[in-house]
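A closer look at the structure
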Amino acid sequence: MDSSSQGSGGMKGGIGGLFGGGAPEYSNTELAGVPLTGMSPLSPYLNVDPRYLVQDTDEFILPTGASKTRGRFELAFFTIGGSCMTGAAFGAANGLRMSLKETRDMGWSKPRNVQILNMVTRQGASWANSLGSVALLYSVFGVAIEKARGAEDDINTVAAGTLTGMLFKSGGGLRGVARGGLAGLALSGAYALYNNWDHLTGSSSSSRLY
């Protein structure tokens, strides 16, 4: 019985091998001992190498020589919009504080509500206009200086901040221009120092070690 089954199996394997349709049969024990060195593990569901599905790099393609960070022109829209919304929020809070202080002797009535609403909207619009104008000037100066120098560094930030303060306070005469320039220089310098604080502290600690 065993010899006949083996003979039939050998005949099937021979006929299958002759026509290219047969495949050798292996047991699980035999397959478990086969080394997989140099072979890629295939997914039984997708029949692809799962390592190709792992994204170790960025999922966007940059032009040759382009930077991975956004430039000043791209950040200008976010800066202007964020400044306007921040100014509107602070202005509305300040208007609410002022209106409640001015109408504290009045009872809760329609005239008081209207006065509070007018003060909130007026202060919110005023603060949004002021901060939005400052952000617009800073962005324009920053982009212009970057294009003129052909480099992007903290010098552009400090120069743009100083020129923004000078132009924003130019209506107050030379004294106002000087005050605005000093204020812009101080704020932009503090911002540049904050951005490079890790680099400065790292370099100082490494110099101490040597």
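Residues numbered from 1 in each chain as written. Predicted model: local features only at pLDDT ≥ 70, side-chain atom pairs only at ≥ 80, totals over all residues. Heavy atoms only, no water.

1. Notes on the overall build of the protein
Secondary structure summary: the protein contains 7 helices and 0 strands in total. Counted from the first residue to the last, the protein has its helices and strands arranged as α-α-α-α-α-α-α. Split into buried and exposed, the 210 residues of the protein put 19% on the buried side. Pairs at least 24 apart in sequence give 51% of the contacts found in the protein among residues at least 6 apart. As displayed, the protein offers around 16200 Å² of accessible surface, 64% of which is attributable to carbon and sulfur atoms. (Helix = DSSP H or I, 4+ residues; strand = E, 2+ residues; numbered from the N terminus. Buried < 20%, exposed > 50% of the residue type's maximum accessible area, 1.4 Å probe, protein only. Contact = heavy atoms within 4.5 Å. Areas by Shrake-Rupley, 256 points an atom, 1.4 Å probe, with all protein chains shown as cover.)

2. A short note on helix α6 (residues 173-195)
Taking 1.5 Å of rise per residue, the 23 residues of α6 would be expected to cover 33 Å, and the 33 Å separating its terminal C-alpha atoms lies within 8% of that figure. Residues G176, V177, G180, G181, G184, S188 and A192 constitute the buried set of α6. Its buried side turned inward, α6 meets α5 (154-168). (Expected span 1.5 Å × (residues − 1).)

3. Topic: the packing of helix α3 (residues 72-102) against helix α4 (residues 110-149)
Where α3 meets α4, the closest approach of the two axes is 6 Å, and the angle between their N-to-C directions is 155°. If you check the angle between α3 and α4, you find them roughly antiparallel. Relative to α4, α3 is oriented so that their crossing is right-handed. Partitioning the contact of α3 with α4 into residue classes produces 20 nonpolar, 14 polar and 4 charged. (Axes fitted to C-alpha atoms, helices over the stretch in contact; angles between N-to-C directions. Parallel < 35°, antiparallel > 145°, perpendicular 65-115°, else oblique. Left-handed = near helix turned anticlockwise from the far one by under 90°. Nonpolar A, V, L, I, M, F, W, Y, C, P; charged D, E, K, R; others polar.)

4. Considerations on the side chain of T103
By secondary structure assignment, the location of T103 is in the loop between α3 and α4. We classify T103 as buried; its relative accessible area is 0%. Leave out the neighbours within four places in its chain, and T103 touches R112, Q115 and I116.

5. Looking at the confidence of the model for the protein
Mean pLDDT over the protein works out to 76, with 63% of the residues at or above the 70 mark. Confidence, read as mean pLDDT per element, is least for helix α1 (residues 2-19) in the protein (47) and greatest for α4 (92). For the stretch residues 1-20, pLDDT sits under 50, and the model shows 2 contacts to residues farther than four places along the chain or on other chains. Every residue in residues 34-38 scores below 50 in pLDDT, and together they form 0 contacts with partners more than four places removed in sequence or on other chains. (pLDDT = per-residue confidence, 0-100.)

6. Details of the environment of G91
Mapped onto the elements of the fold, G91 is located in helix α3. The exposure class of G91 is buried, given its relative accessible area of 0%. Here the alpha-carbon distance between G91 and G124, two residues 33 residues apart in the chain, equals 3.9 Å. Look past the residues within four positions of G91 in its chain and what remains in contact with it is V120, Q123, G124 and W127.

7. Comments concerning the packing of aromatic side chains
Tallied over the full model, the rule gives 1 aromatic pair. The ring of W108 carries R112 above its face, with NZ or CZ at 4.1 Å from the centroid. (Phe/Tyr/Trp six-rings, centres within 6.5 Å; stacked < 30°, edge-to-face > 60°. Lys NZ or Arg CZ within 6 Å of the ring centre and 35° of its normal.)

8. Brief notes about the packing of α5 against α6
Following both chains from N to C, one finds α5 and α6 inclined at 150°, their axes separated by 6 Å at the closest point. In terms of axis orientation, α5 runs roughly antiparallel to α6. Crossing of α5 against α6: the hand is right-handed. When α5 is examined against α6, the residues D154, T157, V158, G161, T162, G165 and M166 are found in contact with a partner set consisting of V177, G180, G181, G184, L185, S188, G189, Y191 and A192. Grouping the amino acids of the contact of α5 with α6 by side-chain chemistry returns 6 nonpolar, 9 polar and 1 charged.

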